[in-house]
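Structure assessment
Residues per chain are reported as follows:
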Amino acid sequence: MRATHEDRGAARVPVRRLTVLYDAECSLCAFVRDWLVRQPQLVPLEPVPAASEAARARFPGLDHGSTLEEITVVGDGGQVYRGAAAWIVTLWALRRYRRLAHRLSTPSGALLARGAVLAAAKWRGAVSGRGGGVYRRGDGWTYDPRGGWSYTAPGCEAGSCTAP
């Protein structure tokens, strides 16, 4: 798995344990959590409710609001994975799914992983009841069941940005 600027050195620091932050109010998230803990693990996974007191105490520098919007996984070396990368590193930790994780970490596999994460987000937003079923990601993408996906560059909410 390739390191990004956000994961604080995943290429240099080995991952020996992963904390999976999940939305405890989401039935899909709880189902996936239960499935994960039943799988044989090569790297221990510890599910912790996102934005909970436990999560805030463990990871004080993390944006906990965004952990409710997008799957977030934190490595024991401080690595932070979000969205498709979080799902891929979680699969990488599982004995039966490590090969799949390696395939999903390729450019074409990453597109498939991103599509799966977006599909889950769409379902989650439609059934959550939060914000009228609107799902917002930290990178500017928003899903509204009535109108689909839209993008607003971060910092441009309220029309404060001008077109080039």
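Right, let's walk through the structure included here. Note that this is a predicted model, so its numbers are computed, not measured.

Another aspect to go through is the nonpolar core. Leu18, Leu45 and Val73 are the most contacted members of the largest nonpolar core, which totals 21 residues. Of all the secondary-structure elements, those providing two or more residues to this core are β1 (18–22), α1 (27–38), α4 (83–92), α5 (98–104) and α6 (107–128). Ranked by the residues each element gives to this core, the list is headed by α4, at six residues. Excluding residues within four positions of it along the chain, Val73 makes contact with Leu18, Thr19, Val20, Gln79, Val80, Tyr81, Ala86, Val89 and Thr90. Among the nonpolar cores identified, the runner-up in size contains eight residues, and Leu21, Ala50, Ala55 and Leu62 belong to it.

Before going further, it helps to examine the pairing of strand β3 (residues 72–75). The alternating pattern of β3 places Thr72 and Val74 and Val73 and Gly75 on opposite faces, both of which are buried. Pairing between β1 and β3: four bridges, direction antiparallel. Residue pairing across strands places Thr19 opposite Val74, the latter belonging to β3. The sheet contact formed by β3 and strand β4 (residues 80–82) spans three bridges and is antiparallel. Its bridge partner lying in β4, Thr72 is registered against Arg82. Linking β3 back to β4 in an antiparallel pair, the connection comprises four residues, with Gly78 at a positive phi of about 95°.

Moving on, we come to the environment of Leu21. Considering the arrangement of structural elements, one finds Leu21 in strand β1. Placed 53 residues apart in sequence, Leu21 and Val74 show a C-alpha to C-alpha distance of 7.9 Å.

What follows covers the pattern of salt bridges. This structure, assessed with the given rule, holds two salt bridges. Its salt-bridge partner being Asp34, residue Arg33 comes within 2.8 Å of it at the nearest N-O pair. Between Arg58 and Glu46 there is a salt bridge, and its shortest N-O distance comes to 2.7 Å. With a gap of 12 residues between them, Arg58 in helix α2 (residues 53–58) and Glu46 in strand β2 (residues 45–49) connect regions that are remote in the sequence.

Moving on, we come to the packing of aromatic side chains. In the structure shown here, the tally under the stated rule is one aromatic pair. Sitting over the ring of Trp92, Arg98 keeps its end group 4.1 Å from the ring centre.

Before going further, it helps to examine the sheet that holds β2. Read from one edge to the other, the open sheet built from four strands follows the order β2-β1-β3-β4, with strand pairing classed as mixed. Two strands bound the open sheet, and with one partner strand each, they are β2 and β4. Averaged over all neighbouring strand pairs, the angle between strand axes comes to 25°, with direction disregarded. Across the sheet, α4 is in contact with β1, β2, β3 and β4; its angle to β4 comes to roughly 115°.

Definitions and cut-offs
Residues numbered from 1 in each chain as written. Predicted model: local features only at pLDDT ≥ 70, side-chain atom pairs only at ≥ 80, totals over all residues. Heavy atoms only, no water. Core = buried A, V, L, I, M, F, W, Y, C linked by side-chain atoms within 4.5 Å. Buried < 20%, exposed > 50% of the residue type's maximum accessible area, 1.4 Å probe, protein only. Helix = DSSP H or I, 4+ residues; strand = E, 2+ residues; numbered from the N terminus. Contact = heavy atoms within 4.5 Å. Pairing = 2+ DSSP bridges. Salt bridge = Lys/Arg side-chain N within 4 Å of Asp/Glu carboxyl O. Phe/Tyr/Trp six-rings, centres within 6.5 Å; stacked < 30°, edge-to-face > 60°. Lys NZ or Arg CZ within 6 Å of the ring centre and 35° of its normal. Axes fitted to C-alpha atoms, helices over the stretch in contact; angles between N-to-C directions.

Just geometry here; none of it tells us what the structure is for.
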